[in-house]
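# Observations on the model geometry
Residues per chain, in single letters:
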Amino acid sequence: MTMVNLASYKGMTRMKEQSAELEKFRQNPDEALAQLYRSYRGRFVQWARGWCKLDEAELAEIFQDAVVIFWNNIREQKLTQLKAASHTYVFSVGRRLILSKFRQMARTQLLGDAALPEAAENWDPGIENLMIQDEDAEMLSHKLEQLGEPCYTLLKLSFYESKRSAEIAAQMNYSSDDVVRTQKKRCLDRLRKLFSA
Amino acid sequence: MKNHDEQLIEQYFAKSLDAEGQALLQSRLEADPELRTEFEWQKNVAEGIKLKEDRRIKALLQKEEARMKPAEQPRLSYRRLSSIAATLALLAAAIWFVLPHSGSSDLPFSPYPDTFIFRDEVAPVVNQATDAYKSGAYQEAAKYFATAAEQEPGNPNYTLYQAISLIGSEKYEQAISILSPLAEISDNDRIPHVAQWYLAFAYYKTGKNDQAIRFAEQYLENQQESSFKKEAKQMLDLINKK
């Protein structure tokens, strides 16, 4: 029989529980995220008020953003194992968001109109491309509303949930992965037309 | 787009490209501008879907936020508030004198605050237990605290909260059997005294007034824990009036 000490036994048990916790978010993200929000929103606001002077509404919004980032990290497989409870992770994301908000506020206060020409001189052309990309994503998100079903679900499974054509075929009852690829091409073409209209 | 290129892009978005596949995709994108345009288009689509889904999830959380906030009440003037308070006080006094006092039903259950079990690094079941406890789902909380107590047998806090949750769900006899040993702990400032109060309360609710008096008096004598002193005195008054 393999012997393990109590500390490593507890550690293993905790790791198992935390993987099960992440699985809960993967299985039913909407419900698990809403539950996380309901359970820890108050505690987050209380905790953050102990060291920063933002009001409750601002902190609630930061907590919402932190939950969205937490979910994206799970979905994009950047977060595959938790070292502590899920809310501890979300609190640390929230803390970073608060600090980044403070940095942004300090910058806005420092940069008056006089500082603008200098800022323009230091303009990074890469930022322009990023802004164009953001605008495209913004416009695309509106066009996706008009795309309708089954195209939206198919594209969401493919680009958001990172599913292969074979998995999509099984999930959406298509006869084969080739049919999914053909359908995906049609959907992308339709979206392209909507985008350039 | 060639079939092979199509599969490479599909693998990229499915996050299943290995290092070799990534290098191959990179070289294909550099060699074929049309493929690069298609790839960039699909990346934009992915960004557009992410933005849409982020907004959907945020809207879901905002809905939760709205549900959590109490509906805004119309503002009342100080004068109006004073008059309502005076009317309510008169009404309460009238009810107190007119209605017969009904024993145990006039001493409500008050949960003990969960402040000394909050730690960041606890097992998920403890968080489930505290969430259920805070939301008043005592039956559920009792089950979770029982599991937590099994996982960490040396920690009497979980057992104490299990017993308090049992009282919250009106399972007084079960609570008494758990609280009795806790009331005897000698090397803790708080737990035995909290246990004494809840033992008094559980005995009172089951009509065992002698035991209720014994534990309420023990609780009142202690100098370390005072959360329920007022309730303990009220309980003794109520028993004496019977």
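Residues numbered from 1 in each chain as written. Chains lettered and ligands numbered in written order. Predicted model: local features only at pLDDT ≥ 70, side-chain atom pairs only at ≥ 80, totals over all residues. Heavy atoms only, no water.

## Digging into the pattern of salt bridges
With the rule as written, the count across this model stands at 25 salt bridges over all chains. Among the ionic pairs, Lys58 of chain B bridges to Asp65 of chain A, the shortest N-O distance being 2.7 Å. Taken together, the residues span two chains, with Lys58 of chain B in helix 3 (residues 33-68) and Asp65 of chain A in helix 3 (residues 56-75). According to the relative accessible area criterion, Asp65 of chain A is partly exposed, its value standing at 28%. We note a salt bridge from Asp32 of chain B to Arg28 of chain B, for which the minimum N-O separation is 3.6 Å. Salt bridges linked by common partners bring Arg164, Asp177, Asp178 and Arg181 of chain A together with Glu10 of chain B together as one network. (Salt bridge = Lys/Arg side-chain N within 4 Å of Asp/Glu carboxyl O. Helix = DSSP H or I, 4+ residues; strand = E, 2+ residues; numbered from the N terminus. Buried < 20%, exposed > 50% of the residue type's maximum accessible area, 1.4 Å probe, protein only.)

## Side note on the interface of chain B and chain A
Facing the 44 residues of chain B at the interface are 53 residues of chain A. Here chain B meets chain A over a buried area of about 4800 Å², counting both sides, of which 54% is carbon and sulfur. For chain B, the biggest contributors to the area lost against chain A are Glu10, Trp41 and Leu61 of chain B; these three give 14% of the whole. Remark: the boundary between chain B and chain A carries 11 salt bridges. For the salt bridge of Arg164 of chain A with Glu10 of chain B, the shortest nitrogen-to-oxygen distance reads 3.1 Å. In this structure, the connection of chain B to chain A is made through 13 residue pairs in polar contact (both at pLDDT 80 or more). (Contact = heavy atoms within 4.5 Å. Buried area = accessible area lost by both parts, 1.4 Å probe. Polar contact = N/O pair within 3.5 Å; in protein donor to acceptor, adjacent residues only side chain to side chain.)

## Here we look at the confidence of the model for chain B
Residues and elements named next belong to chain B. Residues with a pLDDT of 70 or more make up 81% of chain B, whose mean pLDDT is 81. Within chain B, helix 9 (residues 191-205) carries the highest mean pLDDT (91), whereas helix 4 (residues 78-98) carries the lowest (64). Contacts for the low-pLDDT stretch residues 100-104, under 50 throughout, to residues beyond four places or in other chains number seven contacts. Complex prediction metrics read pTM 0.53 and ipTM 0.78. (pLDDT = per-residue confidence, 0-100.)

## Considerations on the nonpolar core
In this structure, Phe70 and Leu155 of chain A are the most contacted members of the largest nonpolar core, which totals 53 residues. Here the element with the most residues in this core is helix 3 of chain A; it accounts for 10 residues. Apart from residues no more than four positions distant in its own chain, Leu155 of chain A is found in contact with Leu147, Tyr160, Lys184, Cys187, Leu188 and Leu191 of chain A together with Val45 and Ile49 of chain B. In this structure, Tyr112, Ala132, Ile176 and Leu182 of chain B belong to the second largest nonpolar core, which totals 49 residues. (Core = buried A, V, L, I, M, F, W, Y, C linked by side-chain atoms within 4.5 Å.)

## Some details on unusual backbone geometry
Residue and element names in this part refer to chain A. Here the residue pair Glu149 and Pro150 is connected by a cis peptide bond, since its omega of 5° sits within 30 degrees of zero. When you line up the elements, Pro150 lands in the loop between helix 6 (125-147) and helix 7 (151-160). Despite not being glycine, Asn173 has its phi angle at roughly 60°, a positive value. Since its relative accessible area comes to 71%, Asn173 is described here as exposed.

## Side note on the packing of helix 9 (residues 177-196) of chain A against helix 3 of chain B
As a packed pair, helix 9 of chain A and helix 3 of chain B sit with axes 12 Å apart at the nearest point and diverge in direction by 80°. Taken together, the axes of helix 9 of chain A and helix 3 of chain B lie roughly perpendicular to each other. Across the interface between the two elements, Leu188, Leu191, Arg192 and Phe195 of chain A from helix 9 of chain A touch Glu38, Trp41, Gln42 and Val45 of chain B from helix 3 of chain B. (Axes fitted to C-alpha atoms, helices over the stretch in contact; angles between N-to-C directions. Parallel < 35°, antiparallel > 145°, perpendicular 65-115°, else oblique.)

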